Amino acid sequence: MKMLDEYYENQLEPNRSCLLTLREIILNYDSQISEVWKYQTPFFFLSGKMLCYLSVDRRSRQPYVGMVEGRYLDHPALESGGRKRIKVLTVNPRKDIPISTLREILGQATLIN
């Protein structure tokens, strides 16, 4: 857990608060979702399978939720950005987090997981 805690602590505001809130929303979505440190980023697993991860875009510096099996998800808020497998939900840390949108996406993702 130390690496996970350090990851969040090392983020600058407002990204830190945004990422911590995203973390809480994801973990509270389903009691079977767990968080692990993988590939130097927080990953969330559901029943032993990768569900999503949190990161910050290098260019825009905005946090995002990467949906591991995004290619199977159909939601207008998700972008592939040229990726084959993963789709992302970019979150502006200076605006309200789209909680209902994230929950809709998580709902789709848990059905295919």
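Preceding block: the structure.
In short, a report on the structure. Note that the structure is a prediction, hence the values are computed from the model and not measured.

Turning our eyes to something else, we now look at the packing of helix α2 (residues 15–29) against helix α3 (residues 99–112). Contact geometry for α2 and α3: axes closest at 11 Å, N-to-C directions at 40 degrees. As summarised for this structure, α2 and α3 are arranged oblique, according to the angle between their axes. For the element pair α2 and α3, the recorded crossing hand is right-handed. For the pair formed by α2 and α3, the contact residues are L22, I25, I26 and Y29 on the first element and I99, L102, R103, L106, G107 and T110 on the second. Residues belonging to the contact of α2 with α3 are distributed by class as follows: 7 nonpolar, 2 polar and 1 charged.

Considering all chains together, one arrives at 5 aromatic pairs under this definition. Taking the centre distance of 5.8 Å and the plane angle of 55 degrees together, the rings of Y7 and W37 count as tilted. With Y7 in helix α1 (residues 2–9) and W37 in strand β1 (residues 33–38), this pair connects stretches of sequence that are 30 residues apart. Taking relative accessible area as the criterion, Y7 reaches 13% and is therefore assigned buried. Here W37 falls in the partly exposed class, since its relative accessible area comes to 29%. Counting every residue linked through ring pairs, the aromatic cluster contains Y39, F43, Y53 and Y64. The ring centre of Y64 lies 5.9 Å from the NZ or CZ of R83, which sits over that ring.

How each quantity is defined
Residues numbered from 1 in each chain as written. Predicted model: local features only at pLDDT ≥ 70, side-chain atom pairs only at ≥ 80, totals over all residues. Heavy atoms only, no water. Axes fitted to C-alpha atoms, helices over the stretch in contact; angles between N-to-C directions. Helix = DSSP H or I, 4+ residues; strand = E, 2+ residues; numbered from the N terminus. Parallel < 35°, antiparallel > 145°, perpendicular 65-115°, else oblique. Left-handed = near helix turned anticlockwise from the far one by under 90°. Contact = heavy atoms within 4.5 Å. Nonpolar A, V, L, I, M, F, W, Y, C, P; charged D, E, K, R; others polar. Phe/Tyr/Trp six-rings, centres within 6.5 Å; stacked < 30°, edge-to-face > 60°. Buried < 20%, exposed > 50% of the residue type's maximum accessible area, 1.4 Å probe, protein only. Lys NZ or Arg CZ within 6 Å of the ring centre and 35° of its normal.

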